[in-house]
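Coordinates in review
Listed below, chain by chain, are the residues.
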Amino acid sequence: MNERKRKQLFAAARGAPAPAPSAAFEANVMRAIRNEYPAEAPAIFDALNQLFPRLAWAAAAIILLSVAADWGLTVAGLPGLGDGMTQISAQWLLTPTGF
Amino acid sequence: MNDDAELLERIRNGAPDDFAEVVRRHQARVFAILHRYERDAHKVEDLAQETFVKAWRALGQFDGRAPFEHWLSRIAVRVALDHLRKEKHRRNEIGLPELGEDALDWLRRGDEPSELDGRAAAEILDLALRELSPADRVVITLQEIEGRSVKEICAATGASGVAVRVRALRARAKLKRALERLAKL
């Protein structure tokens, strides 16, 4: 095959028609891409689940602080937190005139 | 929306559904590139989808220095190259039954000039190019069929200028031999 025929071959190949995209092509691409979008805003329970370790640590810290404060007040001879609660209950919440 | 830059800015700023417009604008070009390396229309469509998904993933890397179409074309060429590498083992046999009558007639005429349409030319080239390595095939296709310069081929393939020139020379010689063999079959 001579050079002229080879050139003819390349020139003709340049004009070869490419297949047209199917009607569903664009939708298929967008479907594939949507699978890669960043996740939507998480639901409230998902958010709580994500926060759970922090909430648990915060609750544990509050309990420890309360116990430490109660122990400190008792050692110092002051009324403890439990005494304060008993006093409040006795004075207001559970009295016959309270409600 | 006038140009790609504005459209891409909108997509980056949180309008991912506007990527459909990118697909509409560039699908013909992507199909045309991929069709040079794969003649099965269904496979071309799969490869085109892969090209757009890869473009979507890499959109943050597009810096706008070159036209978006060039950047997307590079992705399409690399998708084609990966495809050729995967398909290499399946496609290492040349057989005349895959050629249509027009292609056979043109080949049998030897050096005698005769009419050749695009479809028949694509059939012949597809068979002959199977004898080349995937990288050689990409270089010769970009150079001889798409008419790209060495610089453009470097950009599309990530190869150096010297590598592209050497590869093109070798690929052209191999293609010549493959076409001569086909003409004798």
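All values reported here derive from a predicted model rather than from experimental measurement. (Residues numbered from 1 in each chain as written. Chains lettered and ligands numbered in written order. Predicted model: local features only at pLDDT ≥ 70, side-chain atom pairs only at ≥ 80, totals over all residues.)

The helix and strand tally for chain B stands at nine helices and zero strands. In chain B, the order of α-helices and β-strands from amino to carboxyl end is α-α-α-α-α-α-α-α-α. Considered along the principal axes of its C-alpha atoms, chain B spans approximately 60 × 35 × 30 Å. Sorting the 185 residues of chain B into buried and exposed places 34% on the buried side. Residue pairs at least 24 apart in sequence account for 64% of intrachain contacts in chain B once pairs closer than 6 positions are excluded. (Helix = DSSP H or I, 4+ residues; strand = E, 2+ residues; numbered from the N terminus. Buried ≥ 20, exposed ≤ 12 C-beta atoms within 10 Å, placed from the backbone. Contact = placed C-beta atoms within 7 Å.)

A tally of helices and strands in chain A yields four helices and zero strands. In chain A, the succession of helices and strands from N to C terminus is α-α-α-α. Across the 99 residues of chain A, 8% fall into the buried class.

Before going further, it helps to examine helix α2 (residues 19–35) of chain B. An ideal rise of 1.5 Å per residue puts 24 Å on 17 residues; α2 of chain B measures up with 23 Å between its terminal C-alpha atoms. Its maximal kink placed at H26 of chain B, α2 of chain B deviates by approximately 55°. Contact partners of the buried residues in α2 of chain B: α2 (25–34) of chain A together with α1 (4–12), α3 (41–57) and α4 (68–87) of chain B. (Expected span 1.5 Å × (residues − 1). Bend = angle between axes of the 7 residues up to and from the residue.)

With that settled, consider the interface of chain A and chain B. Facing 26 residues of chain A, the contacting portion of chain B comprises 32 residues. Of all elements in the fold, only α1 (3–14) and α2 of chain A reach the threshold of two or more residues within the side of chain A that touches chain B. The biggest single contributor to the side of chain A that touches chain B is α1 of chain A, with eight residues.

We now examine the domain arrangement of chain B. All names here are of chain B. Considered domain by domain, chain B is made up of domain 1 (1–91) and domain 2 (96–185). Computed over C-alpha atoms only, the centres of domain 1 and domain 2 are separated by 24 Å. Contacts between the two partners involve twelve residues from domain 1 and, on the opposite side, twelve residues from domain 2. Of the residues contributing to the side of domain 1 that touches domain 2, the split by class is five nonpolar, one polar and six charged. (Domains from an automatic or database assignment. Nonpolar A, V, L, I, M, F, W, Y, C, P; charged D, E, K, R; others polar.)

A separate point is the nonpolar core. Residue and element names in this part refer to chain B. Formed by 54 residues in total, the largest nonpolar core has its most connected members in L34, A76, A80, A121, I124 and A128. Counting residues per element, this core draws most heavily on helix α6 (residues 118–129), which supplies eight residues. Here this core spans two domains, and each of domain 1 (1–91) and domain 2 (96–185) adds at least three residues to it. Once residues lying within four places of it in the same chain are set aside, the contact partners of L34 are V44, L47, A48, A76 and A80. (Core = buried A, V, L, I, M, F, W, Y, C linked by C-beta atoms within 7 Å.)

Glancing now at the packing of helix α7 (residues 134–145) of chain B against helix α9 (residues 161–184) of chain B. Residue and element names in this part refer to chain B. Interaxial distance between α7 and α9 falls to 9 Å at its minimum, and their mutual angle equals 90°. On the basis of the axis angle, α7 is roughly perpendicular to α9. Here A135, D136, V139, I140 and Q143 of α7 come into contact with α9, specifically with V164, R167, A168, R170, A171, R172, K174 and L175. Residues that form the contact of α7 with α9 fall into these classes: seven nonpolar, one polar and five charged. (Axes fitted to C-alpha atoms, helices over the stretch in contact; angles between N-to-C directions. Parallel < 35°, antiparallel > 145°, perpendicular 65-115°, else oblique.)

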